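# Coordinate analysis (summary)
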Protein chains: 2
Amino acid sequence: MKGDLKMKEVKIIGESLSNMPWQDRPKGKCDPVWRYTENPIINRNPIKGVSRIFNSAVMPYDNKFVGVLRAEPINGRPLLHLGWSENGVDWEIEEEGIDFIDEDGKPYQPRYAYDPRLVKVEDTYYIMWCTDFFGPTIGMAKTKDFKTFVRLENPFLPFNRNGVLFPRKINGNFILLSRPSDSGHTPFGDIFLSESKDLKFWGKHRHVMSKGGNGWWQSMKIGGGAVPIETSEGWLLFYHGVVNTCNGYVYSMGAAILDIDEPSKVKYRSGNFILTPEKWYEEKGFVDNVVFPCATLHDADTGRIAIYYGAADTYVGVAFTNVKDIVNYVIDTHEAIEGDQHLGRI
Amino acid sequence: MKGDLKMKEVKIIGESLSNMPWQDRPKGKCDPVWRYTENPIINRNPIKGVSRIFNSAVMPYDNKFVGVLRAEPINGRPLLHLGWSENGVDWEIEEEGIDFIDEDGKPYQPRYAYDPRLVKVEDTYYIMWCTDFFGPTIGMAKTKDFKTFVRLENPFLPFNRNGVLFPRKINGNFILLSRPSDSGHTPFGDIFLSESKDLKFWGKHRHVMSKGGNGWWQSMKIGGGAVPIETSEGWLLFYHGVVNTCNGYVYSMGAAILDIDEPSKVKYRSGNFILTPEKWYEEKGFVDNVVFPCATLHDADTGRIAIYYGAADTYVGVAFTNVKDIVNYVIDTHEAIEGDQHLGRI
């Protein structure tokens, strides 16, 4: 990493969040991202009847923090539970899963629900998750109070995962990243972007980022992670990249900067991972060797960012960075990967 | 098949087409569908530089017939060629592939294009095909004169195939069948339906028909075939069903009746295939054992239907039926297959 004097100034465009969790970078370290020393923040068997909570989303709400958590009950079929926290690291988890209603007000329960993301657009909170629609695809629901959750129609046909809605409209349209897949443990996958005026009808699909490049950590597939953070350099996206080894998939975390007005255009992406499974809670669990970012908390005043990630499909971990550090790291290690520039294909 | 006296009267709702090709059912036969005696109507090496034409779409146009043909040039990467015919069976095929332009009027050439369908909605003709969008998905273009072809944006993300637009709007919306897939020789697949007000933004996705049931011929996957025919009993859909044998896939033809106002609802579907590879040109070719319906010609006055199908990924064949015969056959052999009734999932 370059010395501070050469680094670009970068600002988060957004709100203050002075009560977000934070630890300074460990003395003597220069990694772009560093782990919370008390990880994992959610351990095995966190509540009665739930064996593991991981790949989960958090947001500020009502001067505290709300979480939409991927909970695997003791029958192994994942559902979403709410969690509440004063400090972002100690979580009270609701014992019952989220109850959805449909747009007519009738009860609606997804057959399964996993890998949630959570975002506020204007005055409404939206949850995206992987749902069943005769195969996995992206589910969506909205809430204003975290009490009533209205399930919206699936934006896409199967097979799709890793739906990530942007935190504001661009040119009047909602913007959603997704990672088209197949019906199983998909051995391929790029990130695409789609637009909608009303969250009902979707189109203007664009290819955003390809798997591959010189680094092998993202050679098999990639997928959107946390809701993008608006910065003075563009949209900062934390995403996951996967390599297929002789003993299974390994999930690492990368970062990219997308154009602020045309977010299907990649400005920069890190040729290196920024976090990879190294700790006991990332290396070993229900699915070994997984670091899977799903959310951030961030403070526009200080540029601090806390990244929430699932670890080994078993735990929730937190890692920290600063917008100036991470954006400069992505710029410095940028690798243009074939396919990211559209090649004329839309 | 029941005797004529018990058969329901069924009418095609549509235009007259007295010049369509036709042969009566062979004497003494009672099959619901029978082949044209001079099949295949397009043979190997039909024009210079093209080794095979198969899975192709036809329509009446300007008192003759137009075809949008899947042509495999001698490099093996498929493109679409136009064909013209006075009688529907003898075809003059253009030596150059279709030139598309994009919506700004600039040249647009798909990297590959296969399995076209062709339909007229209001005053415009639409072509759907399988196109490349960082993986296969449904391409779409429009024309009014078969001279200028304007490519529209892809309605869906990858991975998808077998896009079939209905010949009229329903409740003000365009209706498109598709068969979500994976990136290869997909070993699964059901038929879904999507709606659009403008052909740009798509939503209200519904599951229509599942693979499976008691019959094995459609046990691995199914996909929409010809543009549905409006009848007094509902939308008559010819589709393909696939079984995976120890020596490869076998594609047969089935038929279904979809509800006229809510075509995601299956009224009836044939538990049996209505055509399966038996003839030399269906059994043996570039891909053995394929019968793949892509289009029909039909006459509202007589109820006659000519089904155009690809044979063994090598030839074009024609088969005949009559709306009354085929609809009664589908009703008589109806099998309710799990998943067709939505099970509350949309």
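Residues numbered from 1 in each chain as written. Chains lettered and ligands numbered in written order. Predicted model: local features only at pLDDT ≥ 70, side-chain atom pairs only at ≥ 80, totals over all residues. Heavy atoms only, no water.

An unreviewed UniProt entry lists chain A under the name Glycosylase, with Vallitalea longa as the source organism. Quoted verbatim from the Sequence similarities (unreviewed entry) heading of the UniProt record, the comment on chain A is "Belongs to the glycosyl hydrolase 130 family." (UniProt positions renumbered as here; feature names shortened; annotations may be inferred.)

Check the secondary structure of chain A and you find two helices and 23 strands. Computed over C-alpha atoms, the radius of gyration of chain A comes to 19 Å, within 12% of the 20 Å expected from 2.2 N^0.38 for 346 residues, which places it in the range of a compact globule. Its C-alpha atoms put chain A at 55 × 45 × 45 Å along the principal axes. By the burial criterion, 64% of the 346 residues in chain A qualify as buried. Within chain A, residue pairs in contact and separated by at least 24 positions form 55% of the contacts whose partners lie at least 6 positions apart. As displayed, chain A offers around 13,500 Å² of accessible surface, 47% of which is attributable to carbon and sulfur atoms. The centroid of the 40 positive side-chain charges in chain A is displaced by 3 Å from the centroid of its 45 negative side-chain charges. (Helix = DSSP H or I, 4+ residues; strand = E, 2+ residues; numbered from the N terminus. Rg over C-alpha atoms; globule rule 2.2 N^0.38 Å. Buried < 20%, exposed > 50% of the residue type's maximum accessible area, 1.4 Å probe, protein only. Contact = heavy atoms within 4.5 Å. Areas by Shrake-Rupley, 256 points an atom, 1.4 Å probe, with all protein chains shown as cover. Lys, Arg positive; Asp, Glu negative; His and termini not counted. Charge placed at Lys NZ, Arg CZ, Asp CG, Glu CD.)

Quick look at the interface of chain A and chain B now. Contacts between the two partners involve 39 residues from chain A, matched on the other side by 39 residues from chain B. For the pair chain A and chain B, the summed buried surface comes to about 3,200 Å²; carbon and sulfur atoms form 67% of the total. Linking chain A with chain B are two salt bridges. Among the ionic pairs, Glu 153 of chain A bridges to Arg 206 of chain B, the shortest N-O distance being 2.9 Å. The tally of links between chain A and chain B comes to five residue pairs in polar contact (both at pLDDT 80 or more). Listing elements by their share of the side of chain A that touches chain B, those giving two or more residues are strand E13 (174-180), strand E14 (191-196) and strand E15 (201-209) of chain A. With seven residues, the top contributor of residues to the side of chain A that touches chain B is E15 of chain A. (Buried area = accessible area lost by both parts, 1.4 Å probe. Salt bridge = Lys/Arg side-chain N within 4 Å of Asp/Glu carboxyl O. Polar contact = N/O pair within 3.5 Å; in protein donor to acceptor, adjacent residues only side chain to side chain.)

Moving on, we come to the sheet that holds strand E5 (residues 92-97) of chain A. Picture the strands of a sheet paired through backbone hydrogen bonds; they go either parallel or antiparallel. Residues and elements named next belong to chain A. Ordered by their spatial adjacency, four strands build an open sheet running E2-E3-E4-E5, and the pairing between neighbours is antiparallel. Strands with a single pairing partner mark the edges of an open sheet, and in this sheet they are strand E2 (50-61) and E5. Each adjacent strand pair in this sheet contributes to an overall mean axis angle of 30°, direction not counted. (Pairing = 2+ DSSP bridges. Axes fitted to C-alpha atoms, helices over the stretch in contact; angles between N-to-C directions.)

Counting residues in hydrophobic clusters, the biggest one holds 42 residues, and the most contacted among them are Ile 41, Leu 118 and Tyr 308 of chain B. Those elements that provide at least two residues to this core are strand E2 (50-61), strand E3 (64-73), strand E4 (79-85), strand E8 (113-121), strand E9 (124-132), strand E21 (291-298), strand E22 (304-311) and strand E23 (315-322) of chain B. Sorting elements by how many residues they give to this core places E2 of chain B first, with six residues. Ignoring anything within four residues of it in the chain, the contact list for Leu 118 of chain B reads Ala 57, Val 58, Met 59, Val 66, Val 68, Tyr 125, Tyr 126, Ile 127, Met 128, Phe 146 and Val 227 of chain B. One finds Val 66, Phe 100, Tyr 308 and Val 316 of chain A within the second-largest nonpolar core, a separate group that totals 41 residues. (Core = buried A, V, L, I, M, F, W, Y, C linked by side-chain atoms within 4.5 Å.)

Okay, unusual backbone geometry next. Of note, the amide linkage connecting Pro 158 of chain A to Phe 159 of chain A takes the cis form, showing an omega dihedral of 5°. Within the element layout of this structure, Phe 159 of chain A appears in the loop between strand E11 (149-152) and strand E12 (160-165). Asn 39 of chain B connects to Pro 40 of chain B through a cis peptide bond whose omega is -10°. Within the secondary structure, Pro 40 of chain B is located in the loop between strand E1 (34-35) and E2. The backbone of Asn 45 of chain B shows a phi angle near 50°, a positive value even though the residue is not glycine. Summarising the element assignment, Asn 45 of chain B is placed in the loop between E1 and E2. Its identity is not glycine, yet Asn 171 of chain B carries a phi of approximately 50°, on the positive side. Along the chain, the position of Asn 171 of chain B falls in the loop between strand E12 (160-165) and strand E13 (174-180).

Before going further, it helps to examine the relation of the copies chain A and chain B. Taken as rigid bodies, chain A and chain B are interconverted by a rotation of 180° and an axial shift of 0.0 Å, the fit giving an RMSD of 0.0 Å. In short, the pair behaves as if placed about a two-fold rotation axis. Here 100% of the interface residues in chain A have copies in chain B that are interface residues too; the copies meet face to matching face. (Least-squares fit on C-alpha atoms with pLDDT ≥ 70 in both.)

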